[in-house]
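# Examining the three-dimensional arrangement
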2 protein chains.
Amino acid sequence: MANKVTLKQIAQEVGLSPSSVSLVLNNRPCRISEENRKLIKEVAARNHYVPNQIARSLVMRESRTLGLIVPNIESRFFASLAGSLEKRCREDGYALFITSSGGSADDDLELLRQLVTRGVDGVFLVVGDEFSDDRALREEVSHLPIPAVMVDRAIEGLECDKVMFDHEMGGYMATRYLIEQGHRRIACLVNARRSNTGRKRLAGYERALREVGLPIDARLEFESEYYIPSAYEASEAVLATDATAVFASSDNIALGLLKRLHEMGKSIPGDISVVSYDNSAADVLFEPALTAIEQDPGVLAEHAFGCMSKRLAGRGGRRAEEVVLEPALIVKGSVLELTECS
Amino acid sequence: MANKVTLKQIAQEVGLSPSSVSLVLNNRPCRISEENRKLIKEVAARNHYVPNQIARSLVMRESRTLGLIVPNIESRFFASLAGSLEKRCREDGYALFITSSGGSADDDLELLRQLVTRGVDGVFLVVGDEFSDDRALREEVSHLPIPAVMVDRAIEGLECDKVMFDHEMGGYMATRYLIEQGHRRIACLVNARRSNTGRKRLAGYERALREVGLPIDARLEFESEYYIPSAYEASEAVLATDATAVFASSDNIALGLLKRLHEMGKSIPGDISVVSYDNSAADVLFEPALTAIEQDPGVLAEHAFGCMSKRLAGRGGRRAEEVVLEPALIVKGSVLELTECS
DNA sequence: ATGAAAGCGCTAACAG
DNA sequence: CTGTTAGCGCTTTCAT
């Protein structure tokens, strides 16, 4: 293991002052002789000199590092978001500190502090628990000494930049599409109890029904957490109804439903139609591929970075910005067009 | 956006010296009066004081931060590894800087520098390209001023701690199991061209055949990259052989194969038996679940952290440590027992 | 064309 | 019980 070599040491070896070395190594406009420039660079390279960004941040008061907190890096959607965001940050010379909370507000708070303390210039926050009453997190966020951008999910009523897809619209689009294909008995499987996004998707579902005068039937609304086993459990009841179609409001929920369908030997869309929510995992496997509401993580990342960029450049407005993105309905083959009406 | 508040400011407000405040806020054993302690803590809290870890690292010469480089955070296996490792680090008070390279040696090098420069105390490296001839990366790794642990994959011949599952053994176990179940014509689908892990798994496959005197038939060995579409393509040829079983040597490879099987209306294990490699994704969906070689990312994380810990504590030996873990064969339901022999 | 000096926010002796 | 001092590695102004 080599030793850490410092600017001073390089300076000594070259026989110049640290300032000169600093100037040259940072390619600053300055009048150091071509000869010495070369020498400095050569010595630095030979010694495997790596500038101490820590020291540098301290004096420059910026680290060119951003932080990201996701509830669970093992979820495909967040992993993909993290990947996109990192790429985007790197393009602008920022490193991204990706962290994964356990999904609790406590963890979020802890990680947030960790990041701030480590001198990130800004933080992207995908909160784990939108309904947390933990005032500590809200407090922390609103007193942050650096810009924060909430991504995908938001704590309501918190003055802070936000970038997310329109979940209500997603629920609406999915349901609307099923209606247009002739479905009248449409079940939905949502996480409305514990998730704000779930509630919004449910609201969209109901709006679509209401809009065409279809009844909102509580017996067709099913609850599931964002985990496959939970959806698998709930699906039995869903499939016991007379619904001809179901709106599965998350990727994992769709997977649980699919597993149950597969097990019961039911086929899609022959026996039942399904609209899923950004379900890249299942798409790979299933034939026909699933018609779904898609939220491109790359787009989310792009806008999130945009907000952050503005703030970092001091071009952010006084008020928080709120970016709402339209999801897309991607029609594939999991919905049957019904010609007869019920 | 609140301002950053410093120790000095707190000290001023309290009317004590920065050192006293530092002592108290770090809970150091010292003789500050109970009264003043309380006062300091109260003022710090009221002002949302967050210690500047950057400044602290500079003087303490450690950041209690570790770095992780994975080729692709969007891969389930790496995401899971990252998740486990982060949890493990956090348990010991370390933050983990997760970064995702594009899979090239250039990126690895760049990220490695980024991490070192930002003062991580050590780095976990899952290299993107094991066959890179880029001497720059090897050079960099061997001149690192901090401990490095290579995880899951390794650049051969590099003196550096390594922790990984025994890929050769995995290939062997999978094939051996198929043989024991009565299979004689066993195809394999591996990434031997571009991946060292692939080569080792192939070697294990061949060893198992050789061991029982079965011929090694090049017409049963198929090449696929670690991507679903690649495996999907390759699978057509695999299924055109007279093989009764196939060893799919990675999760994505198994998924591509499954997709093709599903499309052709072939069933598992009725038409063909499959042994897969740590395939949590497909498991969720398929009935029967896939018999597979499993590499627990949590175990990998645990050992990697162990190595790192030792180095950080200065308890590492002079020579690099190499930990090789045994994968496990998890028998589920995708292999048919053949009673007649061919 | 180059160097000296100050200081970023913090900690660690040591001196009161 | 508490304050002073020095210094971590770097950048930056200002002298020379």
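The rules behind each value
Residues numbered from 1 in each chain as written. Chains lettered and ligands numbered in written order. Predicted model: local features only at pLDDT ≥ 70, side-chain atom pairs only at ≥ 80, totals over all residues. Heavy atoms only, no water. Helix = DSSP H or I, 4+ residues; strand = E, 2+ residues; numbered from the N terminus. Buried < 20%, exposed > 50% of the residue type's maximum accessible area, 1.4 Å probe, protein only. Contact = heavy atoms within 4.5 Å. Areas by Shrake-Rupley, 256 points an atom, 1.4 Å probe, with all protein chains shown as cover. Lys, Arg positive; Asp, Glu negative; His and termini not counted. Charge placed at Lys NZ, Arg CZ, Asp CG, Glu CD. Near = heavy atom within 4 Å. Polar contact = N/O pair within 3.5 Å; in protein donor to acceptor, adjacent residues only side chain to side chain. Nonpolar A, V, L, I, M, F, W, Y, C, P; charged D, E, K, R; others polar. Pairing = 2+ DSSP bridges. Axes fitted to C-alpha atoms, helices over the stretch in contact; angles between N-to-C directions. UniProt positions renumbered as here; feature names shortened; annotations may be inferred. Least-squares fit on C-alpha atoms with pLDDT ≥ 70 in both. Salt bridge = Lys/Arg side-chain N within 4 Å of Asp/Glu carboxyl O. Phe/Tyr/Trp six-rings, centres within 6.5 Å; stacked < 30°, edge-to-face > 60°. Lys NZ or Arg CZ within 6 Å of the ring centre and 35° of its normal.

### Digging into the overall build of chain A
From N to C terminus, chain A includes 13 helices and twelve strands. Here chain A holds 342 residues, and the buried ones make up 54% of them. A separation of at least 24 residues holds for 72% of the contacts in chain A among residues at least 6 apart in sequence. On chain A, roughly 14,900 Å² of surface is accessible, and the fraction owed to carbon and sulfur atoms is 48%. Between the averaged position of the 41 positive side-chain charges in chain A and that of its 50 negative side-chain charges there is a distance of 8 Å.

### Regarding the protein's contact with DNA strand C
Contacts to DNA strand C come from 25 residues, most closely from A:Ser17, A:Arg31, A:Asn36, A:Arg61 and B:Leu7. In DNA strand C, atoms within 4 Å of the protein come 73% from sugar and phosphate. In this structure, a base nitrogen belonging to DNA strand C sits 3.0 Å away from a side-chain N or O atom of A:Ser19. The contact in question runs from a base oxygen of DNA strand C to an N or O atom on the backbone of A:Val59, over 3.5 Å. The element that contributes the greatest number of residues to the surface near DNA strand C is helix H4 (residues 53-60) of chain B, accounting for four residues. Of the residues belonging to the surface near DNA strand C, the class tally is ten nonpolar, eleven polar and four charged.

### Re the sheet that holds strand E8 (residues 245-248) of chain B
Residues and elements named next belong to chain B. One open sheet accounts for six strands, arranged E7-E6-E8-E9-E10-E12; its pairing is mixed. One side of each edge strand has no neighbouring strand; the edge strands of this open sheet are strand E7 (221-223) and strand E12 (328-330). On average, each strand axis in the sheet is inclined to that of its neighbour by 20°, with strand direction left out of account. Bridge count for strand E6 (residues 186-190) against E8 is four bridges, and the pairing is parallel. Its bridge partner being in E8, Ile186 is matched across the sheet by Ala245. Across the sheet, helix H10 (residues 228-239) is in contact with E6, E7 and E8; its angle to E6 comes to roughly 160°.

### Considering the UniProt feature "domain: HTH lacI-type" (unreviewed entry) in chain A
Within this structure's numbering, the places UniProt gives as "domain: HTH lacI-type" (unreviewed entry) are residues 5-60 of chain A. Spanning residues 5-60 of chain A, this segment combines 66% helix with 0% strand, and its end C-alpha atoms are found 20 Å apart.

### So, the sheet that holds strand E8 (residues 245-248) of chain A
The pairing of strands in a sheet happens through backbone hydrogen bonds and is either parallel or antiparallel. Residues and elements named next belong to chain A. Here six strands make up an open sheet; going across it, the order is E7-E6-E8-E9-E10-E12 and the pairing mixed. Because the sheet does not close on itself, it has two edges, and the strands there are strand E7 (221-223) and strand E12 (328-330). The average angle at which neighbouring strand axes cross in this sheet is 20°, direction not considered. In this structure, strand E10 (residues 291-294) lies alongside E12, joined through three bridges in antiparallel fashion. Bridge pairing links Ala292 to Ile330 in E12.

### Considering the protein's contact with DNA strand D
In the vicinity of DNA strand D lie 25 residues, with A:Leu7, A:Arg28, B:Ser19, B:Asn36 and B:Arg61 positioned nearest. The protein-proximal atoms of DNA strand D, defined as those within 4 Å of the protein, are 73% sugar or phosphate. Between A:Arg56 and DNA strand D, the recorded distance is 2.7 Å, taken from a side-chain N or O atom to a phosphate oxygen. A distance of 2.8 Å separates a phosphate oxygen of DNA strand D from a polar backbone atom of B:Ser33. Contributing elements (two or more residues each) for the surface near DNA strand D: helix H2 (18-25) and helix H4 (53-60) of chain A together with helix H2 (18-25) and H4 of chain B. Counting residues per element, the surface near DNA strand D draws most heavily on H4(A), which supplies four residues. The residue makeup of the surface near DNA strand D, split by class, is ten nonpolar, eleven polar and four charged.

### Digging into the relation of the copies chain B and chain A
Turning chain B through 180° and shifting it by 0.0 Å along the axis lays it on chain A, with an RMSD of 0.1 Å. The transformation relating the two chain copies, once decomposed into turn and shift, fits a two-fold axis. Taken together, the interface assignments show that 100% of the residues at the interface of chain B recur at the interface of chain A, consistent with an identical surface on both copies.

### What about the pattern of salt bridges?
Using the criterion set out here, one finds 40 salt bridges over all chains in the structure. The salt bridge partner of B:Glu13 is B:Arg46, with a shortest N-O separation of 3.2 Å. Of the two residues, B:Glu13 sits in helix H1 (residues 7-14) while B:Arg46 sits in helix H3 (residues 34-46), which places them 33 residues apart along the sequence. Overall, the relative accessible area of 47% leaves B:Arg46 in the partly exposed class. Where B:Arg311 meets B:Asp161, a salt bridge forms, and the shortest distance between an N and an O atom there is 2.8 Å. Here B:Asp161 lies in strand E5 (residues 161-165) and B:Arg311 lies in helix H13 (residues 297-312), a separation of 150 residues in the sequence. Given a relative accessible area of 22%, B:Arg311 falls into the partly exposed group. For B:Asp161, a relative accessible area of 2% corresponds to the buried category. Members of the salt-bridge network, linked through shared partners, are A:Arg88, A:Glu91, A:Asp92 and A:Glu302.

### Overview of the packing of aromatic side chains
Under the defined criterion, the tally for this structure stands at seven aromatic pairs over all chains. An angle of 45° between the planes, with centres 6.1 Å apart, marks the rings of A:Phe247 and A:Tyr277 as tilted. Residue A:Phe247 is found in strand E8, and its partner A:Tyr277 is found in strand E9 (residues 273-277); the two are separated by 30 residues along the sequence. Note that B:Arg201 overlies the ring of B:Tyr277, its terminal NZ or CZ placed 3.8 Å from the centroid. The ring of B:Tyr232 carries B:Arg260 above its face, with NZ or CZ at 4.0 Å from the centroid.

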